[in-house]
Each structure stands twice: as structure tokens, then as C-alpha cells.
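Structural overview for review
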Amino acid sequence: MWGALLRRGGRGAGGLRRLVSGGPPWSQVVSEAEKIVGYPTSFMSLRCLLSDELSNIAMQVRKLVGTKHPLLDTARGFVYDSRNNLQMRGLVVLLISKAAGPSTEELSFQHNMVSGIYSSQRSLAEITELIHTAFLVHRGIVNIGELKSCDGPLKDMQFGNKMAVLSGDFLLANACTSLAQLQNTKVVELISSAIGDLVQGIYYENSKSPEESCLTDDISISTWKEQVFLSHSALLAKSCQAAMELAKHSAEIQDMAFQYGKHMSMSHKLHSDLQPFVKESSSDTMAFSLNSAPAVLHQEFLGREAWIKQIREAQGRGNIMDYKKLQEAIKAGKGVTSAIDLCRCHGNSALAALESFPPSEARAALANIVYAVTRFP
Amino acid sequence: MCHFTQRSSTLSFPKICNIFWRFQHTSTSHLCSCSKTVSNEKYQDPFQLGRKDLKNLYEDIKKELLVSTAELKEMCDYYFDGKGKAFRPMIVVLMARACNIHHNNSREVQASQRSVAIIAEMIHTASLVHDDVIDDANSRRGKMTVNQIWGERKAVLAGDFILSAASVALARIGNTTIISVLTQVIEDLVRGEFLQLGSKENENERFAHYLEKTFKKTASLIANSCKAVSILGCPDPKVHEIAYQYGKNVGIAFQLIDDVLDFTSCADRLGKPTAADLKLGLATGPVLFACRQFPEMNAMIMRRFSKPGDVERARKYVLQSDGVQQTTYLAQRYCHEATREISKLRPSPEREALIQLTEMVLLRDK
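Note that this is a predicted model, so its numbers are computed, not measured.

What counts and how
Residues numbered from 1 in each chain as written. Chains lettered and ligands numbered in written order. Predicted model: local features only at pLDDT ≥ 70, side-chain atom pairs only at ≥ 80, totals over all residues. Heavy atoms only, no water. Helix = DSSP H or I, 4+ residues; strand = E, 2+ residues; numbered from the N terminus. Buried < 20%, exposed > 50% of the residue type's maximum accessible area, 1.4 Å probe, protein only. Contact = heavy atoms within 4.5 Å. Areas by Shrake-Rupley, 256 points an atom, 1.4 Å probe, with all protein chains shown as cover. Buried area = accessible area lost by both parts, 1.4 Å probe. Salt bridge = Lys/Arg side-chain N within 4 Å of Asp/Glu carboxyl O. Polar contact = N/O pair within 3.5 Å; in protein donor to acceptor, adjacent residues only side chain to side chain. Nonpolar A, V, L, I, M, F, W, Y, C, P; charged D, E, K, R; others polar. Core = buried A, V, L, I, M, F, W, Y, C linked by side-chain atoms within 4.5 Å. Phe/Tyr/Trp six-rings, centres within 6.5 Å; stacked < 30°, edge-to-face > 60°. Lys NZ or Arg CZ within 6 Å of the ring centre and 35° of its normal. Expected span 1.5 Å × (residues − 1). Axes fitted to C-alpha atoms, helices over the stretch in contact; angles between N-to-C directions. Parallel < 35°, antiparallel > 145°, perpendicular 65-115°, else oblique. Left-handed = near helix turned anticlockwise from the far one by under 90°.

1. What to know about the overall build of chain B
Within chain B one finds 20 helices and 2 strands. With 366 residues in all, chain B has 61% of them scored as buried. Taking all contacts inside chain B whose residues are at least 6 apart in sequence as the whole, residues at least 24 apart take part in 76%. Surface accessibility of chain B: about 14,500 Å² in total, with carbon and sulfur atoms responsible for 51%.

Listed below in C-alpha cells is the structure:
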């Protein structure tokens, strides 16, 4: 997800006035942000990763090498992309905690401040990452009933499933335990409900049968946004809000933090969906999801029947999707420009939410993140 | 491990191993000499006593499962059809009343205590859904499992959703101590599963490992939900300890009998296939006891019954040995301990019902 951003160059372009070119490249955004919050966030889940249970799992997962179980990819991604990919949510939670400043109330023992962030808020950032990772893992389960002989031995897949369920559950249990230690029932309720949202969002991603997944869902862009909110925004939005609650900030600040988290994640998802369509010439066309924003918008403008016709034409006789052809069809329509507009719209909403926070390094870093996810060539 | 040694109990680890090795010398009369508190309360069927409070339990659970997608809702509701034993909520509700009566003679169950019963059942069910994926099980409670019908991907999500809904309900009670007590259960359930992954080479260690796993996977939920309702009903920490010990001992006994039934019952009665544990490579109480008489079983245990014919051979050894009897004796001892603890509370129909329940645990056949 986030890794795609690093592969891009950092040139800005025109567009909506507030989101003109400018702002440093992504890697710089991240490293400056990490300095602001006090330490590299890639260490955050280290304690958990080094636990006996996960070491045990890691050893067992080695048995999956050579099989086709998705857990292997998830694990690889975790190890090799930790520099680029992960812990972004945690970083945002830390930044917004710092940007909001100290509490106006008397806080209890839990709340000593380091680098302008309360220890409870740091714990929350870690919890957010734990939950996100748990679901990356739980997404990688295979349906035993749908396996074919080319997928390899059944027992490998069963074993992979077992490891995936266990390690995901372990991460979730750790998140729950840490949540309980925060001694704040509102935060527990908020984050637990975010987990429920995430499950529903992932459920929508999954609910298609193999035949159906060759088509765009029969949904409007507003339904698409609701589903994407659940799968990609709710966790971060509610975590940002919870961070404010931990410092006993006002309801307005809590809402602004929520709005930032929500709109920035939406922008990020749109940005990610747009990548196959905005890259300059490339020899290979990236495959893209037929439920990505440009495709859904294109369908909305064109009408579903006409869109299905275009998909069939791109499938040709062999039933193999010609993504280049399909991509050109989408580019020829209004899907791409609408998606860019939508991305920038959410970006502006995120920036507007930031206005409620006093100017600071942390706030600037949060703004830079928005610029980075709304930048197109 | 610490759950055993932290709490003071006559059944600490060294004692258990003693019992393990000296079963031949335990006379049955010793078991009957426990001092059952004489009370004037009439004998009542525990399930009748708790019925009013549990009447709408499953409906209320379904209300907590607020899900917009029809299919996901169907999956989450699947086990809350009212056909389960409702054993755990029953204990929780009876314990709540027993503690309330002990404290101030109130027989009413508080709303928060009832919530604990609901939450406990939800956490339990969520773990069952995941266990069935892990074990690749295809039937439970006499019907197909969630993963069998809807696939493993969705089953895992359904389990996660039920757990998140339980957490929301837990937060809404508004008591951070209760949140900590019940969150411990979630952690114990997962660690119990991990314990099951590993195995011990040493015979002595194996039994301790088995009991620890049994505590974490089964007894912790009952122990901690009993403790939670006692905290809500009564401020006395001694009462919390009594409730916890009752729950812990009954929970372990329950699982021990479950492990016995896996050998002695037939599939129809049980609602799930038998010798299931052996097929999963698990060496439970009857097997561990049998191994003392048939050391040939050691090799099978170490390779987790993976060779063809192992399961059948192990089963035969168990049925030839006194493994079933020994495990049942051990369960009786735990029930005895549960009774001893709960008898410290003020007499009440609910207290008697909880004692009655320990006997029902021993006599169940499914």
C-alpha cells in the first residue's frame, strides 16, 4: 500500500489551489515525522514480534516456504518492507497526539509525557498497528473448499490457515490487553467498534465469488466510499479520536482528529487506486482492481451495461483480461479525473481539520502527509 | 503457569502430581467425606433457577451483533440459536445471585452482571469459530461448522466480529476492573491454543502442560467471569477469590470430563466426531494416564499420533487402561474443591445449585 508511494517520484502538479506542488518527498516526510515523535516507529511492535509465541510461529511459517499460502507473502512483506510500508498508522496517531498538545486536565499516573506525547497515546499507536497487522494476517486465509490441485498439498494450506488464525488472534489479544491497561472505557469502546468496522470492510472485499470478481460491483461511488471507509479509514480515524480522548481533549478536537484520520486515509486509498492510471509510460501495464475508484467512477459515468460490454471486449476470447485495453477505456472516460478530484477533495477536508490544531512541527508533518497522498504527476 | 501457583489452593501443581502418582491409594471414602454444608434450602434444578435471567440471553446477544450485511449477520448468529448448553452463562448468573445474596441478601441480578454472562458466551463462541477453522472441523453441536458452510475466510472474520462486539459490550459496562478481568480471558484463550501447538517430552511435564492448557482454554473463562460478577455484586475480595476458585475448579473438571467423553461417548450423542483429540494429535488426560500402563504410547504421543493406525491403537490402549477412571477421579477432586469453596458463601438456593452443577458436570454424557 504505502510502498507504492515511495516508488513514485515526488513532483507536484496543479489542481486544487490548496494542494499545489510542494512538500518534501515521501521518505523525507516519514523520517522527519519520526524525529518529531521521538523514535523510529518501526520498533513499535518489536516487543510483540519477539515474543515466544510469535517466534514459534515464525519457525513454523518457514515450513510454508515453497507453498502457495498467502501468509508467506504477508510475513515477507512484514520483514522486508518494514522500512517503507508499515507503522504509518502508528506514526499518524503519534503526530496528532503531539499536535494536540498537553491536556488541560489533571491526568493520572499513566500519563507521563515524552517528546510531547503521553505514554498512553504511544501505547494506543502501538495498539493501532497491532490491529492493522492482525487483519493483514487474517486477510490471508484460504478457503479450503476452493482449492485446486495446482495450489499444492491440502495439508500445507490447512497448516498455513492455522498459523494465520493463531498469529492474528495473538496480535488481537495483545491489542485487547493493552487496551484494557489504558483504563479508559470510552477508548476501549471506540477501538473495539473500529475492529468491528474493519471486519465489515474486509468482508465486503471478500464477498465475491471467483466469477463475480471479474466485474466491478454494482455499486455507486457513495456506497464504495462507505465500504472503503470501513476497510481503510475507520481504524485510523477512531484511533486519532481515541488519542484525543486519552488526553481528555474536547469533543471538538476529538472530532477534528477523527476527520483528519478519516479524510487522509480516504485520500491515501484513492491515491493508491490511481497509481496504475497516472504513471507515465510504462512497458508493463499494472493489473488493477475492478473495484478501484477509477473503475467504479467510470462505471457510474458510463452506465453499468456499457461498462460490462467494455470488460467483455477486454477479456477477448481467451477470458484473460487485457488490462492495457481496459485501462485505456477508463482513461478515455471521466473516471480518472473524477478520482483525482475526489482524492484532492478529501485531502482538503483533512487539511481543514488540521486548522483546529495550533501550528507546530507535528501539524506540519501531518499536512505534509496529506500533500504526499494527493500529489499526482 | 502463574495462575496455578499464584492462587492459594489445595490443588497446586506439586499436589496434582502427587495425586497423579498415588491414585491407587486414594480410597473412595475420602471423596465422600467432604463436608457438605447442610442447608434447609430445597433442592432445585440449577437450570430452572437461572432460566428467568437467561430467557432472552441469545436474543440479547444477537442484538449486540449489529452487522449490516445479511450473510455476516447470519454467520455471527449461527451458534446463538439457543440450542447450546448455555452452561457458562448459567454458572455466571447463579454465581451473581449467590454473591449478591451473600453481600446483602439481594436476589436480583444486576444489569452489569447479566452483561458479563452475555459477554462470556460471546467470547466463548468467537473462540469456537476460530478453533473450528484451526482444527478444520466440520461439525459442532450436531450441525455443520461455520467454516464448512461459508468457508474459512469468512469464518475467521465472523469470529473476529463476535469478539469485537463482546469488547464493545464490555466497555459499555463502564468498569475498568471488569474490562481487565475479562480481557485476561481473551489472552488466555490464545495462549492456550499456542500451548496446544507445543508438546513436552518429559512425562511429568506433560501432565502439568495439559492442566495449564486446560486452565487457559476452558477454565479461565469460567473463573474470570465468576470473579467479574462477584466484583460487581460484593466488595469483599475474599468473595472474589471464592468465585474465581469455584469457576476455575469447575472449569477444569468440565474439560476433563469432556476429554473422557471423547473416548467413551458415541458421535451422535456428542454432536461432534469422537477421538477428535487423538486425530488432532492431542494427548489428553485419559491418554496420559494410560501411558503409565502402556509405555509404548510414548512414541505415539511424541509424534502426535501421526502414523496410520496410531489413533486406533491409542484409543484401544486407553480403553484397556484405567485412563478414563483416573481422569474421572481427578475431575471429581476438582469438583470437590469447587464445592468446598462455594460452601463458604452464605446459604442460598443459588449456592446449592452451583454445588449441584458440579455433580452434573461429572454425570454429563454430552
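Next, the rest of the story.
2. Notes on the interface of chain B and chain A
Each side of the interface is counted separately: chain B has 37 residues, and chain A has 40 residues. Counting each side, the surface lost to burial between chain B and chain A is near 3,600 Å², with a carbon and sulfur contribution of 66%. Among the residues chain B hides against chain A, the three largest losses belong to Arg153(B), Leu157(B) and Phe194(B). Together they make up 20% of the total. The interface formed by chain B and chain A holds 1 salt bridge in total. Two residues, Arg172(B) and Glu189(A), come together in a salt bridge whose shortest N-O distance is 2.8 Å. Taken together, the connections running from chain B to chain A amount to 14 residue pairs in polar contact (both at pLDDT 80 or more). Looking at the side of chain B that touches chain A, the elements with two or more residues in it are helix 6 (70–77), helix 8 (111–134), helix 10 (152–173) and helix 11 (176–197) of chain B. At 12 residues, the largest contribution of residues to the side of chain B that touches chain A is made by helix 10 of chain B. For the side of chain B that touches chain A, the class distribution of residues is 16 nonpolar, 11 polar and 10 charged.

3. Structural notes on the nonpolar core
Among the nonpolar cores identified, the biggest contains 195 residues, and Leu95(A), Ile131(A), Tyr260(A), Tyr246(B) and Met297(B) are the most heavily contacted of them. Broken down by element, the residue count for this core peaks at 14 residues, all from helix 13 (residues 237–264) of chain B. Counting 34 residues, the second-largest nonpolar core is a separate cluster that includes Val228(A), Phe229(A), Leu230(A) and Val296(A).

4. Some remarks on the packing of aromatic side chains
Inspection of the entire model under this criterion finds 11 aromatic pairs over all chains. With 5.3 Å between their ring centres and 75 degrees between their planes, Phe288(A) and Tyr323(A) make a pair best called edge-to-face. On the criterion of sequence distance, the pair formed by Phe288(A) in the loop between helix 11 (251–278) and helix 12 (293–302) and Tyr323(A) in helix 14 (residues 323–332) is long-range, its members being 35 residues apart. Exposure remark for Tyr323(A): the relative accessible area of 26% places this residue in the partly exposed category. Geometry around Phe229(A) places Lys262(A) over its ring, the cationic atom sitting 5.7 Å from the centre. Sitting above the plane of the Tyr78(B) ring, Lys143(B) keeps its charged end 4.0 Å from the centroid.

5. Here we look at helix 10 of chain B
Residues and elements named next belong to chain B. For helix 10, spanning 22 residues, the distance from its first C-alpha to its last is 32 Å, which sits close to the expected 32 Å at 1.5 Å a residue. In terms of residue burial, helix 10 counts as a mostly covered element, since 20 of its 22 residues are buried. Immediately downstream of helix 10, the backbone of Gly174 shows phi near 85 degrees, a positive value.

6. As for the pattern of salt bridges
Residues and elements named next belong to chain B. Applying the stated criterion across every chain yields a total of 28 salt bridges over all chains. The partner of Arg107 in a salt bridge is Glu350, and the shortest N-O contact between them spans 2.6 Å. A residue pair is termed long-range when its members are at least 10 positions apart, and Arg107 in the loop between helix 7 (87–104) and helix 8 and Glu350 in helix 20 (residues 349–363) qualify at 243 residues. Ionic pairing is found between Lys216 and Glu212, a salt bridge with its closest N-O pair at 3.1 Å. With Lys216 and Glu212 both in helix 12 (residues 203–233) and 4 residues apart, this pair spans about one turn of that helix. The same class applies to Lys216 as to Glu212, namely buried. Where salt bridges share partners, they join Asp53, Arg97, Arg107 and Glu350 into one cluster.

7. Observations concerning unusual backbone geometry
The phi dihedral of Lys248(A) falls on the positive side, at around 55 degrees, and the residue is not glycine. When you line up the elements, Lys248(A) lands in the loop between helix 10 (221–246) and helix 11. Lys248(A) sits in the partly exposed class, given a relative accessible area of 32%. One non-glycine residue, Arg304(B), lies in the positive phi region at around 55 degrees. With respect to the element layout, Arg304(B) can be found in the loop between helix 17 (297–302) and helix 18 (310–320). With relative accessibility at 24%, the residue Arg304(B) sits in the partly exposed group.

8. Here's the deal with the side chain of Thr327(B)
Residue and element names in this part refer to chain B. You can see Thr327 is positioned in helix 19 (residues 323–342). Judged by its relative accessible area of 0%, Thr327 falls in the buried class. Contacts of Thr327, omitting those with residues within four sequence positions, involve Leu256, Val260, Gly285, Pro286 and Phe289.

9. Let's talk about the packing of helix 4 (residues 52–61) of chain A against helix 8 (residues 154–181) of chain A
Residue and element names in this part refer to chain A. In contact at an axis separation of 11 Å, helix 4 and helix 8 are set at 160 degrees when each is read in the N-to-C sense. With respect to their mutual orientation, helix 4 and helix 8 come out roughly antiparallel. Seen from above, helix 4 lies across helix 8 with left-handed handedness. Across from Glu53, Leu54, Ile57, Gln60 and Val61 in helix 4, the residues of helix 8 making contact are Phe159, Met163, Leu166, Ser167, Phe170 and Leu171. Taken together, the residues that form the contact of helix 4 with helix 8 break down as 8 nonpolar, 2 polar and 1 charged.

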